[in-house]
Structures are given as structure tokens and as C-alpha cells.
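# What the coordinates show
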Amino acid sequence: MCGIMGYVGPNQAAPVLLDGLRRLEYRGYDSAGIAVLGSTIEVRKAEGKVGRLIDLTEASPLDGSVGIGHTRWATHGAPSDLNAHPHSDPSGAFVVVHNGIIENFYDLRDRLIADGHEFVSETDTEILAHLVAEAYDGDLAGAVRRAVSQAEGAYALVVMTVHEPGKIVAVRRISPLVVGLGDGETFLASDIPAVLHRTRDFLIVEDGELVIVDSEGATIETIEGVTVERDRLHVDWDSEMAEKGGYDHFMLKEIHEQPAVVTETLAGRLEEDGSAWLDNVHFDDAFARNLRRIWITACGTAYNAGMVGSEVFRRLLRMPTSVEYAHEMRYADPLVAEGDLVIAISQSGETADTLAAARLAKERGARLLALTNVVGSTLAREADDILYTRAGPEISVASTKAYMAMLIGQYLLALRIGAARGLADPDLASRVIHGLHALPAALESVMHREAEVAEAAKRIAEADDVYFIGRGLDYAIAVEGSLKLKEISYVHSEAMPAGELKHGTLALITEGIPVVVVLTQEALYDKTVSAIQEVKARGGDIIAVAYDDDDRIARFADTVLRIPRSDDLLGPVSGVVPLQLLAYHVAKIRGNDIDQPRNLAKSVTVE
Ligand code: F6R
């Protein structure tokens, strides 16, 4: 995810900015840049690592004590020197850096082009520089206010102008922003670790606030202009804790980032009326109408996300959809043909087996859609259509937030295809649309129940074997819950459809064996309860994931992990979170290396 830096003070800005950007590298990025205000504003920026930017700045130094900087994780436009931030208005008098997404990018850009504006990059950020310059009448804060009133989305924006030296103005709309308070100098950053070695006193900018920064400190206002009093936050974290946002591990941080990831993945893509506008998905309505069959192919957690997706496509579109392990599909001589859509899901976009299956699908005439988190990855480059998941870089090797974004991406795709060929059940579709918009809040409420999950984890941490069961979509997330547990806790676990238990595995259920049961599918509820009874009869320890208002489950389960009620088709999205947390807490109790588990690579580029 992009990183932001800003500095106003008595020292040269460039070294402070470059040092801050280095400390934000852990967030992941593909290009970096800084702008420094001296007698004019000068910009240095480059694709690649901060090291390259440092070389550039050494070769051509910048003089000035006010500046802004950025590390970019590409969303609009490929990683390149031109698309790197900062971006300027045509006069070069205003520069901006920005983190997040402007949802109405195309509308704003069309309007500005019609008014004679010309753009040099493919980014949504450059538009903001033009909007601020256009709105400027001698007051930078006012101009920023007028500019952001036109820009929809979730973002943080930082602006500097030659007309008001010694000042930086920034706005936060969801994407994080903090002010570091030094002695006669002030810092801006997207994250505390960027400047923690320079100050331990911070002001946290909240959503919908504008901040005016100078060397004496910062004034925070609401976006409407009402002054806000904010207490200083004194931070005691060491720098390693700070990188993890105060969490013990990246995995936990990333689990907690999921509400924001859902917001980002949906941003600008789903209208209230259900139309899904997916940038980089180019197939037309005729293709969607004539679609013969959907194939999903992937490995590991991405495959598990595909298990949910294939059911979502089937229920929303009532059309043949299957999910295939890429390492199986590539050798199975699959009946893929022209008129089919093959969705290859891969967080990294570099998994060797997934690439091979995707290439095979293309060779056979199918249309290839990449659902990936990495802009410009091999899969993205080779696909006909791309849906970027916008989860931001995932640092923990075990995937959580990328899985979440893959789920959301598939709901969006189903709605996009359904808009062209008709939805099987429009009422269901509108419940899903409504539910998707409500998801960030729902996921947030699951996070608040982490203590209950940590308690249940104590029992699993002592077990040698754990079973995960569910039916339909509940089975799909049981599989992901089981994989997470194996990957990081090294406890043996197995997931199976609840109905399969009695066909053999029941032989292994004895006194005290933990069985995790997922129950978000109303239509299958009673059937799953039958399986629970079979487990209880043999002394199994039932840990259930169930809706808040499910008052039957307490009779059968030893522990219930609650999630907010949603439409059943969205049940897996909230339901998977307690399972991720369960895996995390079991691994923590067992003292494992959670972020770097044994024998698992972040990107599996070998067959
Ligand atoms: C599990 C995990 C792996 C990956 C799999 C595919 O937490 O991360 O199972 O999901 O190796 O990786 P991508 O999605 O990069 O293709």
C-alpha cells in the first residue's frame, strides 16, 4: 500500500523524506518520489526502489526545508517513472501525493479534458493536482477543500504549493494519516514507523478531517472547516511493533485490515443499483450473454476463495461454473473452449501452476480473466481482463486479507456478468449488493470478539487433530479455516463436507477431539446439526461459527463464535474471520513463527 511522508522544519527536507520512505518500505511499493519546495518546487521520482530515488537525488540534489514524499503501490496505471508520485498541475506550482482511490476518476478526468486540461500520467492522483490548482484563490486549505468535495473514494491526500511556502495541507478520507510533532519541525506520514525515531508525539488525523501543517505543529479541522481539538498520542512502541501497527504480527494486522480491504476493493466499482463498473475488465455484454461456462483455477488459499466464488456464480447466474486446482487442470486435458471464461485467481500473479493453467485456457480459445493483487504481475500481463483485488501488499506469508479481497472480487464479477445476461434471482442480487456495502462494519464487529476466539484457541492448541465441517458455502470456508490452521499452527487438520463425516472419518472422532462447525447456510442448517449430533455422541468438542441471532446452536455446541447476520450468500465473508483468528491464536499459543511459517512461500514460482 502507498506510503506518504511530509516535512516542514529547519532542516533539509530531502534526507528526512527519503529516510521516512525507507522506513515505509515494509508496506510494499513499486515506485517512489519526493518534491521539495525551495524557490520553486522540484520533483524527483522513479520506478523501483527508494535506493534508485536516492541515487537520483544525489545526482541532482534538492534544496529546501518543506517537502512531501510517496511510495506508490500501483492502482491506476502501471508502475513507471511517469505514474510515480508526486504529481503536479501544469504550472508546477502545486504538487500532490495521494494514497487510495478516486472512485469518480473517469468522470472527473473527462470533465477536465473537456475544459482543456492535459494529463501526462495515467493516475487518478494527477487529477487532484489539477483540481486544487483550479480551485486556488489564495488559500490552499480552501482550495483543497473544494477539490476533495468533487472527489469520491477512500484516500489520503497531501498538497504543497509555491504560493504558500512553509505549509502542507492534507486530508484524510479513510486512508490513514498521522502528524508527528517535533521540536520546531513537523512530520506527516501514512504510518507511525516512518518518523518514530524522530518523535514519539503524534496527532492522529481522523476520517473526514483536514490538517494544516507548519513547523510549529498542526491545525486539524473537519472537512467543513470546524476546528478540532485533538490530544497528543505518546507512542512507546519499539520500531518493530510500530511497523506492525502495534499488533504482534503482520498476520494479525492484516486480519484486522480486512474491513478496509473490502472498502477499497469495492470502491467505485459497485453502484447502489447493482451495476458493477470494473476497470480493466473489457469483455462486452455480448460476450457475457453468450458465455458458455465459467472455470475458476488457482492454488491454495486462492483455490479456496474460488470454491466460494464458484457457488456465488452458480447461485447468482445459474450457469455452469467449476473450480479447478491449477496443478490438476494443466494436466487434465480440460474441456475448455472458445466462449468460456477462465478466471485465474492468484494473489501474487506469479504462481507457476496457475500461470500454466491460464496459458492452457488461452491456447484453447477461452477468455482469460486475472483476479490478482499485484499490478503488472505475469498473470495480469497475460490476461484479457484483469480485476485487481486492491488488498495492498500482504506481508504475512499465510494469506488472509488477499483471500478476503478475492471473495469480494468474485461477487463483483458475478454482478457484472449478471447485469449483461440477467440475474437468476434479482432479489437475491439486491440483498447481496446491500450486504456488500454493509460488510466493512460487519467485519469490524467480528474483530471485537477476538477474545472469545482466543479462548477457544486454547483447547485447539493442545489437540493433535482438528476437523472442520460445513455444507455448501460453509464447507468452502471450512477448507480455508483448516488450511490456515495447518499452515501456521502445524496442528493436523482436515476439512470435509458435514455429510461426508459418517462415510468413514467418524471413526476418528473420540472424546475431546475438536470439531469446528460452520453454520451460515440456513437451508442446510438442520442437516449440519445432524452431523453435530454424530460428533457429540462420540464426545467431540464442538466449536461453532454461527449468526448472532441463532438461538438454537447453544444447545449443540460447546463454544459458539458469533458473526453478524447477513444474507446466506455472504455468510462466508464474515464467517471466515473467526477461523483466521482461531488459526492465529493457536499458532501464537504454540509459540510458532506466525509471519514466516515453515515450508510455505509467499509466491510459489516453481511447479
Ligand atoms: C496460503 C497461501 C498459499 C497461496 C498459494 C497461491 O495462506 O498463501 O496457499 O494461496 O500458494 O498463491 P497465489 O495466490 O499467489 O497464487
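Here's what I pulled together on the structure shown here. What you are looking at is a predicted structure, and each value in this text was computed from that prediction instead of being measured.

## Section: the site of the ligand
- Around the ligand lies a shell of 15 residues, among which Ser 346, Gln 347, Ser 348, Thr 351 and Glu 487 are the nearest.
- A distance of 2.5 Å separates an oxygen atom of the ligand from a polar side-chain atom of Thr 351.
- Glu 487 has a polar side-chain atom sitting 2.9 Å from an oxygen atom of the ligand.
- Summarising the interface, the protein chains cover 94% of the accessible area of the ligand, which totals 410 Å² for the free molecule.
- Ranked by the residues each element gives to the shell around the ligand, the list is headed by helix H10 (residues 300–317), at three residues.

## Considerations on helix H16 (residues 450–461)
- Taking 1.5 Å per residue as the helical rise, H16 with its 12 residues ought to reach 16 Å, and the 16 Å between its terminal C-alpha atoms agrees with that figure.
- Of all the residues in H16, the buried ones are Glu 450, Val 453, Ala 456, Ala 457, Ile 460 and Ala 461. Mapping the buried residues of H16 onto a view down its axis gives an arc of 145°, with all of them on the same face.

## Side note on the environment of Ala 531
- For Ala 531, the position within the fold is in helix H18 (residues 525–537).
- In sequence terms Ala 531 and His 492 are 39 residues apart; their C-alpha atoms lie 21 Å from each other.

## What about the environment of Ala 32?
- Along the polypeptide, Ala 32 turns up in strand E2 (residues 31–37).
- Assessed through its relative accessible area of 0%, Ala 32 is described here as buried.
- Between the C-alpha atom of Ala 32 and that of Gly 571, which follows or precedes it by 539 residues, the distance is 39 Å.
- Residues in contact with Ala 32, not counting those within four places in the same chain, are Arg 44, Lys 45, Ala 46, Gly 48, Val 50, Leu 53, His 70, Thr 71, Ala 84 and His 85.

## Some details on the side chain of Thr 354
- Looking at the secondary structure, you find Thr 354 in helix H12 (residues 352–363).
- If we ignore the near neighbours within four places in the chain, the residues touching Thr 354 are Thr 297, Ala 298, Cys 299, Ala 326, Ala 344, Ile 345 and Ser 346.

## Regarding the packing of H10 against helix H17 (residues 473–489)
- Taken N-terminus to C-terminus, the directions of H10 and H17 make an angle of 175°; their axes are 9 Å apart at the nearest point. The orientation of H10 relative to H17 falls into the category roughly antiparallel. Contact residues: Gly 300, Thr 301, Asn 304, Met 307, Val 308, Glu 311 and Arg 315 in H10; Leu 473, Tyr 475, Ala 476, Ile 477, Val 479, Glu 480, Leu 483, Lys 484 and Glu 487 in H17.

## Quick notes on H17
- Look at H17: 24 Å from first C-alpha to last across 17 residues, which is about the 24 Å you get at 1.5 Å a residue.
- Of all 17 residues in H17, 14 are buried, a share of seventy percent or more.

## Describing the pairing of E2
- Along E2, seven of the seven residues are buried, which leaves the element largely enclosed by surrounding structure.
- What you see with E2 is no split at all: Ser 31, Gly 33, Ala 35 and Leu 37 on one side and Ala 32, Ile 34 and Val 36 on the other are buried throughout.
- Pairing of E2 with strand E3 (residues 41–47) involves seven bridges; the strand directions are antiparallel. By the bridge assignment, Leu 37 is partnered in E3 with Ile 41.
- What sits between E2 and E3 in their antiparallel hairpin is a turn of three residues.
- For E2 and strand E4 (residues 66–72), the ladder comprises seven bridges, and the chain directions are antiparallel. In the sheet register, Gly 33 faces E4, and the bridge partner there is His 70.

## Considering the side chain of Thr 378
- For Thr 378, the position within the fold is in helix H13 (residues 378–382).
- Thr 378 gets classed as buried once you look at its relative accessible area, which sits at 14%.
- In this structure, Thr 378 is in contact with Gly 349, Glu 350, Leu 355 and Arg 359, ignoring residues within four places of it in sequence.

## Things to note about the sheet that holds strand E8 (residues 168–173)
- The seven strands are arranged E5-E6-E7-E8-E12-E13-E14 in an open sheet whose pairing can be described as antiparallel. Two strands lie at the open edges of the sheet, namely strand E5 (87–88) and strand E14 (227–228), each paired on one side alone.
- Sheet topology note: the E8/strand E12 (residues 209–214) ladder contains five bridges and is antiparallel. Across the sheet, residue Val 171 finds its bridge partner in E12, namely Leu 210.
- Strands in contact with helix H4 (residues 125–135) are E5, strand E6 (94–102) and strand E7 (153–161); relative to E6, the strand with the most contacts, it is inclined by about 130°.

## Brief notes about the packing of helix H3 (residues 105–114) against H4
- One way to put it is that H3 packs onto H4 with a least axis distance of 10 Å and a crossing angle of 55°. Here H3 lies oblique to H4, going by the angle between them. Considering the relative orientation of H3 and H4, their crossing is left-handed. Of the residues in H4, those in contact with Phe 105, Leu 108, Arg 109, Arg 111 and Leu 112 of H3 are Ile 127, His 130, Leu 131 and Glu 134.
- Here the residues of the contact of H3 with H4 sort into five nonpolar, one polar and three charged.

## Some words on the nonpolar core
- Of all hydrophobic cores here, the largest spans 91 residues; its most connected members are Ile 343, Tyr 411 and Leu 436.
- The dominant element in this core, judged by the number of residues it contributes, is helix H14 (residues 401–421), at 12 residues.
- Counting residues domain by domain, this core receives three or more from each of domain 2 (252–442) and domain 3 (449–589).
- Those residues in contact with Leu 436, other than ones at most four positions away along the chain, are Val 262, Leu 266, Leu 270, Ile 408, Tyr 411, Leu 415 and Leu 570.

## Describing the pattern of salt bridges
- A full pass over the atoms with the stated rule returns 38 salt bridges.
- The residue Asp 19 makes a salt bridge to Arg 198 at a minimum N-O spacing of 3.0 Å. Of this pair, Asp 19 sits in helix H1 (residues 13–23) while Arg 198 sits in the loop between strand E10 (186–189) and strand E11 (201–204), and the two are 179 residues apart along the sequence.
- Accessibility expressed as a relative area gives 22% for Asp 19, which makes it partly exposed.
- Residue Arg 198 is classed as partly exposed on the basis of its relative accessible area, which comes to 34%.
- One salt bridge connects Arg 330 with Asp 353, and the closest N-O pair in it is separated by 2.7 Å. In this pair, Arg 330 is assigned in the loop between helix H11 (326–329) and strand E18 (340–346) and Asp 353 in helix H12, connecting sequence segments 23 residues apart.

Procedures and definitions
- Residue numbering note: each chain is counted from 1, following its sequence as written.
- For a predicted model such as this one, the threshold for reporting local features is a pLDDT of at least 70, and the threshold for listing and counting side-chain atom pairs is 80 or more; totals across whole chains, interfaces and linings nevertheless cover every residue.
- To get the side-chain values, take all heavy atoms of the structure and skip hydrogens and water.
- Whether a residue is near a molecule or strand is decided by its heavy atoms; if any one of them lies within 4 Å of it, the residue is near.
- Two N or O atoms count as a polar contact when they lie within 3.5 Å, although within protein this holds only if one can serve as hydrogen donor and the other as acceptor, and sequence-adjacent residues are included solely when both atoms are side-chain atoms.
- Computed with the Shrake-Rupley method and a 1.4 Å probe, the accessible areas treat only the protein chains shown as cover for residues.
- Helix and strand assignments follow DSSP, with helices taken as H or I runs no shorter than four residues and strands as E runs no shorter than two, numbered in order from the N terminus.
- Expected helix span is computed as 1.5 Å times (number of residues minus one).
- Exposure classes here rest on a 1.4 Å probe applied to the protein chains alone. A residue is buried below 20% of its type maximum, exposed above 50%, and partly exposed in between.
- To be clear, the arc concerns the directions from the helix axis to the C-beta atoms.
- Any pair of residues with heavy atoms lying within 4.5 Å of one another is described as a contacting pair.
- The axes are straight lines fitted to the C-alpha atoms, using for helices just the contacting stretch, and the angles between their N-to-C directions are given from 0 to 180°.
- Small angles under 35 degrees read as roughly parallel and large ones over 145 as roughly antiparallel, with 65 to 115 read as roughly perpendicular and the rest as oblique.
- Whether two strands pair depends on DSSP finding at least two bridges between them.
- Take the far helix as your reference; a near helix turned counterclockwise from it by less than a right angle gives a left-handed crossing, and one turned clockwise gives a right-handed crossing.
- Residues are sorted three ways: Asp, Glu, Lys and Arg are charged, Ala, Val, Leu, Ile, Met, Phe, Trp, Tyr, Cys and Pro are nonpolar, and all the rest, Gly among them, are polar.
- Nonpolar core, defined: a set of buried Ala, Val, Leu, Ile, Met, Phe, Trp, Tyr and Cys residues in which side-chain atoms within 4.5 Å join the residues together.
- Bear in mind that the domain bounds are from an automatic or database domain assignment.
- Definition used for salt bridges: Asp or Glu carboxyl oxygen within 4 Å of a side-chain nitrogen of Lys or Arg.

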